[in-house]
Amino acid sequence: MPNSLHQELNKMLKQERWRKKPRVKGILLKKTKTKSGSVKLMLRKRGKKTEENEFAVYVLKKNINLYEKAEKARAGELISIAGRYWLGKLICEKLDNLGMANKEYFEIDEK
């Protein structure tokens, strides 16, 4: 009996290890501070201006490296983020600043 439990736990661990992190690549719309001092980034993915394409990503104050990168980010820059959902919020675990976004990147053909 304990052996089968051990096998099930190992199987669950494998699934968790290979689960992909949610990734968002988009333009930074605005940057605000939360009550606790963390940074909230509003990103818009490529596509039409809808609420489905806008994401709120939180960079925690205790993660010093990411916090510094988020503080330096400016509106209009192209940013790539990987994170985890915790209590319904997307918490940033990796942040890459890709420079200023081209306007062509976000234009949509209205056909």
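Small disclaimer: the values here were computed from a predicted structure and weren't measured.

Quick notes on the rules
Residues numbered from 1 in each chain as written. Predicted model: local features only at pLDDT ≥ 70, side-chain atom pairs only at ≥ 80, totals over all residues. Heavy atoms only, no water. Buried < 20%, exposed > 50% of the residue type's maximum accessible area, 1.4 Å probe, protein only. Helix = DSSP H or I, 4+ residues; strand = E, 2+ residues; numbered from the N terminus. Pairing = 2+ DSSP bridges. Patch = residues over 30% accessible without salt bridge, like charges linked within 9 Å, V, L, I, M, F, W, Y side chains within 5 Å. Areas by Shrake-Rupley, 256 points an atom, 1.4 Å probe, with all protein chains shown as cover. Salt bridge = Lys/Arg side-chain N within 4 Å of Asp/Glu carboxyl O. Lys, Arg positive; Asp, Glu negative; His and termini not counted. Charge placed at Lys NZ, Arg CZ, Asp CG, Glu CD. Phe/Tyr/Trp six-rings, centres within 6.5 Å; stacked < 30°, edge-to-face > 60°. Lys NZ or Arg CZ within 6 Å of the ring centre and 35° of its normal. Axes fitted to C-alpha atoms, helices over the stretch in contact; angles between N-to-C directions. Contact = heavy atoms within 4.5 Å.

### A few points about the pairing of strand 2 (residues 39–45)
For step 1, the next point in the chain: The buried fraction of strand 2 amounts to 5 of the 7 residues, a majority that puts the element mostly inside the structure.
For step 2, the next point in the chain: As paired strands, strand 1 (residues 23–33) and strand 2 are joined by 7 bridges and run antiparallel to one another. Counterpart to Leu28 in the pairing with strand 2 is Leu43.
For step 3, the next point in the chain: Two successive antiparallel strands, strand 1 and strand 2, enclose a turn made up of 5 residues, where Gly37 displays a positive phi of approximately 100°.
For step 4, the next point in the chain: Sheet topology note: the strand 2/strand 3 (residues 54–59) ladder contains 6 bridges and is antiparallel. The residue of strand 3 that forms the bridge with Lys40 is Tyr58.

### Remarks on a positive patch on the surface
For step 1, the next point in the chain: Positive charge collects at one region of the surface, where Lys20, Arg23, Lys69 and Lys94 lie side by side.
For step 2, the next point in the chain: Tracing the sequence through the fold places Lys69 in helix 2 (residues 64–72).

### Brief notes about the pairing of strand 1
For step 1, the next point in the chain: Note: strand 1 against strand 4 (residues 77–86), 5 bridges, orientation antiparallel. Bridge assignment links Lys25 to a residue of strand 4, and that residue is Ser80.

### Remarks on the pattern of salt bridges
Side chains that carry opposite charge are capable of pairing whenever their charged atoms lie near each other.
For step 1, the next point in the chain: Counted according to the given criterion, the structure contains 3 salt bridges.
For step 2, the next point in the chain: Two residues, Glu71 and Lys33, come together in a salt bridge whose shortest N-O distance is 3.6 Å. Of the two residues, Glu71 is situated in helix 2 and Lys33 in strand 1; the sequence distance between them amounts to 38 residues.
For step 3, the next point in the chain: Residue Arg74 is joined to Glu77 by a salt bridge in which the shortest nitrogen-to-oxygen separation is 3.3 Å.
For step 4, the next point in the chain: Judged by relative accessible area, Arg74 falls into the exposed class, the value being 51%.

### Considerations on unusual backbone geometry
For step 1, the next point in the chain: Its identity as a non-glycine residue notwithstanding, Leu87 has a phi of 55°, on the positive side.
For step 2, the next point in the chain: Locating Leu87 in the fold gives a position in the loop between strand 4 and strand 5 (89–100).
For step 3, the next point in the chain: Judged by its relative accessible area of 72%, Leu87 falls in the exposed class.

### Some details on the packing of aromatic side chains
The relative placement of two aromatic rings is captured by the distance of their centres and the angle of their planes.
For step 1, the next point in the chain: Under the counting rule described, the total for this entry stands at 0 aromatic pairs.
For step 2, the next point in the chain: The ring of Tyr58 has Lys89 sitting right over it, with the charged end atom 5.0 Å from the ring centre.

### Describing the sheet that holds strand 4
For step 1, the next point in the chain: On the basis of which strands lie adjacent, the closed barrel formed by 5 strands has the order 1-2-3-5-4 and mixed pairing. Recorded for the sheet is a direction-independent mean angle of 50° between the axes of neighbouring strands.
For step 2, the next point in the chain: The strands that helix 2 touches are strand 1, strand 2, strand 3 and strand 5; relative to strand 5, the one it contacts most, it runs at about 50°.

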